[in-house]
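What the coordinates show
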Amino acid sequence: MTGKPRAFSGIQPTGGIHIGNYLGAIRNWVLQQDQYDNIFSIVDLHAMTLPYDASELRSRTIEVASALLAAGIDPQRSILFVQSDVREHTELCWILGTLATFGELRRMTQFKEKSKGSERVGAGLFFYPVLQAADIILYDAAVVPVGEDQKQHIELTRDLALRFNNTFGETFVVPEPDIKPAGARIMSLADPTKKMSKSDPDPDSRIELRDPPDEIRRKVRRAVTDSGAEVRFDEERKPAISNLLTIYSLFADVSIPELERRYAGKGYSEFKRDLAEVIITGLQPIQQRLDELAANPGIVIRTLQAGAARARALASAKMAVVRERCGLGLPPLD
Ligand code: AMP
């Protein structure tokens, strides 16, 4: 279409977007928007793989779409759509499921973590990475910008694309993950050994895009620090301060060594006070656009409808080829 490589990524409408999602993924999508032919999806089918409240899913979908638009995803330059609006994802998921093995799905870290301790593990949770692979290769995406936690899923996607090509003939582009070293894994403010997560029961462990300034100041003040008093980057010995330095550096666009120089001889509390202001300033324009969109949900819905129409056109053309390669359906007449 544009001659640029295609990028695809997705995000689940499972709760408030936090600064881990923003710094690890969304911000990079926005910064690279001109470099790629972009498709971004709110993956509502993935959000069904753990128990959820059906009466809330639609509003969460609109909330996440609003957050992406507010963060700078531009529907002129990127296709933004809701996964379940394009039926081809589920069809390709089934086909790829016939190629994926029980053994490789069982080894997925996210599956192991999310199923741990539950008595009833849904088969959908097990199949989650197969649907993700379908999302990506359906559009022949070359690049998948994500946080570190998705690396294993993208490797599986590559394996399934290759397996399909080897079995049925060259059909899919084999994608590469795009994981930036800085921000790929923003840690919890309450426990720097865990990643910041939407599903953490402690809401003070994360800063959400919508948090008001005073809430951000409170959460940063309460954030766990390490022993000692030096503001220094050392992920081994000072994981909490290193995480806060990463957040500061990305929001303020100042390198970590420069921040270490600025805060040499100063304590954690001064550093944290400034960090809160840097986050507040960074989120301010996003929050303003979020308010504007909240007053006008029709804009978001129409953007998603238009995005789905564009995605559907690409997906249906690709699936016609896939069905033929797999021997599905009827032969053409004469
Ligand atoms: P999810 O919230 O699981 O739908 O993730 C959406 C995107 O945010 C994915 O690309 C994740 O890799 C990324 N992400 C989620 N949590 C973090 C985190 N703590 N640090 C960096 N990136 C993250």
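If you're wondering where the values come from, they're calculated on a predicted model, not measured in any experiment. (Residues numbered from 1 in each chain as written. Predicted model: local features only at pLDDT ≥ 70, side-chain atom pairs only at ≥ 80, totals over all residues. Heavy atoms only, no water.)

1. Some thoughts on the overall build of the protein
The number of helices and strands found in the protein is 12 helices and five strands. A compact globule built from 334 residues would reach a C-alpha radius of gyration of about 20 Å, and the protein, at 21 Å, matches this within 12%. Once the C-alpha set of the protein is aligned to its principal axes, its extents read approximately 80 × 45 × 40 Å. Here the protein holds 334 residues, and the buried ones make up 50% of them. Within the protein, contacts between residues separated by at least 24 positions form 75% of all contacts whose residues are at least 6 apart in sequence. Accessible surface computed for the protein: about 16,300 Å², of which carbon and sulfur atoms make up 51%. Side-chain charges of the protein comprise 43 positive and 45 negative groups, with the mean position of each set lying 1 Å from the other. (Helix = DSSP H or I, 4+ residues; strand = E, 2+ residues; numbered from the N terminus. Rg over C-alpha atoms; globule rule 2.2 N^0.38 Å. Buried < 20%, exposed > 50% of the residue type's maximum accessible area, 1.4 Å probe, protein only. Contact = heavy atoms within 4.5 Å. Areas by Shrake-Rupley, 256 points an atom, 1.4 Å probe, with all protein chains shown as cover. Lys, Arg positive; Asp, Glu negative; His and termini not counted. Charge placed at Lys NZ, Arg CZ, Asp CG, Glu CD.)

2. Regarding the layout of surface pockets
Once rolled over the atoms, a probe with the size of a water molecule shows which space is left empty. By volume, the second largest pocket is sized at about 400 Å³. Lining the second largest pocket are 16 residues, with D44, R58, T61, V82 and S84 sitting closest to its centre. Elements that contribute at least two residues to the lining of the second largest pocket include exactly α2 (54-71) and α12 (297-326). In terms of residue count, α2 provides more of the lining of the second largest pocket than any other element does, six residues in total. (1 Å grid on protein atoms, 1.4 Å probe; cavity = no way out; pocket = protein on both sides within 12 Å on 5 of 7 lines; lining within 4 Å. Points joined across faces, edges and corners; volume = space filled by probe spheres on them.)

3. Concerning the domain arrangement of the protein
For the protein, the assigned domains are domain 1 (6-178 + 297-326) and domain 2 (203-292). Placing the centre of domain 1 and that of domain 2 at their C-alpha centroids yields a distance of 30 Å. Taken together, the contacts link 13 residues of domain 1 with 12 residues of domain 2. With both chains or domains summed, domain 1 and domain 2 bury close to 1,200 Å², and 73% of this area falls on carbon and sulfur atoms. When residues of domain 1 are sorted by the area they lose upon contact with domain 2, I19, L23 and A70 head the list and together hold 45% of the total. (Domains from an automatic or database assignment. Buried area = accessible area lost by both parts, 1.4 Å probe.)

4. Observations concerning the site of the ligand
In the neighbourhood of the ligand, 18 residues make up the surrounding shell, with G147, D149, I186, M196 and K198 lying closest. Here the shell around the ligand takes four residues from helix α1 (residues 19-31), the largest share from any one element. Considering only residue class, the shell around the ligand consists of six nonpolar, eight polar and four charged. (Near = heavy atom within 4 Å. Nonpolar A, V, L, I, M, F, W, Y, C, P; charged D, E, K, R; others polar.)

5. Topic: the packing of helix α3 (residues 88-97) against helix α6 (residues 123-137)
Their axes nearest at 8 Å, the elements α3 and α6 cross at an angle of 120 degrees. What the angle tells us is that α3 and α6 run oblique. Seen along the crossing, α3 lies across α6 with a hand that is right-handed. Taken together, the residues of α6 that come into contact with α3 (itself represented by H89, L92, C93, L96 and G97) are F127, V130, L131, A133, A134, D135 and I137. (Axes fitted to C-alpha atoms, helices over the stretch in contact; angles between N-to-C directions. Parallel < 35°, antiparallel > 145°, perpendicular 65-115°, else oblique. Left-handed = near helix turned anticlockwise from the far one by under 90°.)

6. Some remarks on the packing of aromatic side chains
Under the definition given, this model contains 11 aromatic pairs. Ring centres 5.9 Å apart and planes at 25 degrees place the aromatic pair Y22 and F251 in the stacked group. Of the two residues, Y22 sits in helix α1 while F251 sits in helix α9 (residues 239-252), which places them 229 residues apart along the sequence. According to the relative accessible area criterion, Y22 is buried, its value standing at 11%. With a relative accessible area of 15%, F251 lands in the buried category. Plain terms: the ring middles of Y248 and F271 are 5.6 Å apart, the flat faces sit at 15 degrees to each other, and that makes the pair stacked. (Phe/Tyr/Trp six-rings, centres within 6.5 Å; stacked < 30°, edge-to-face > 60°.)

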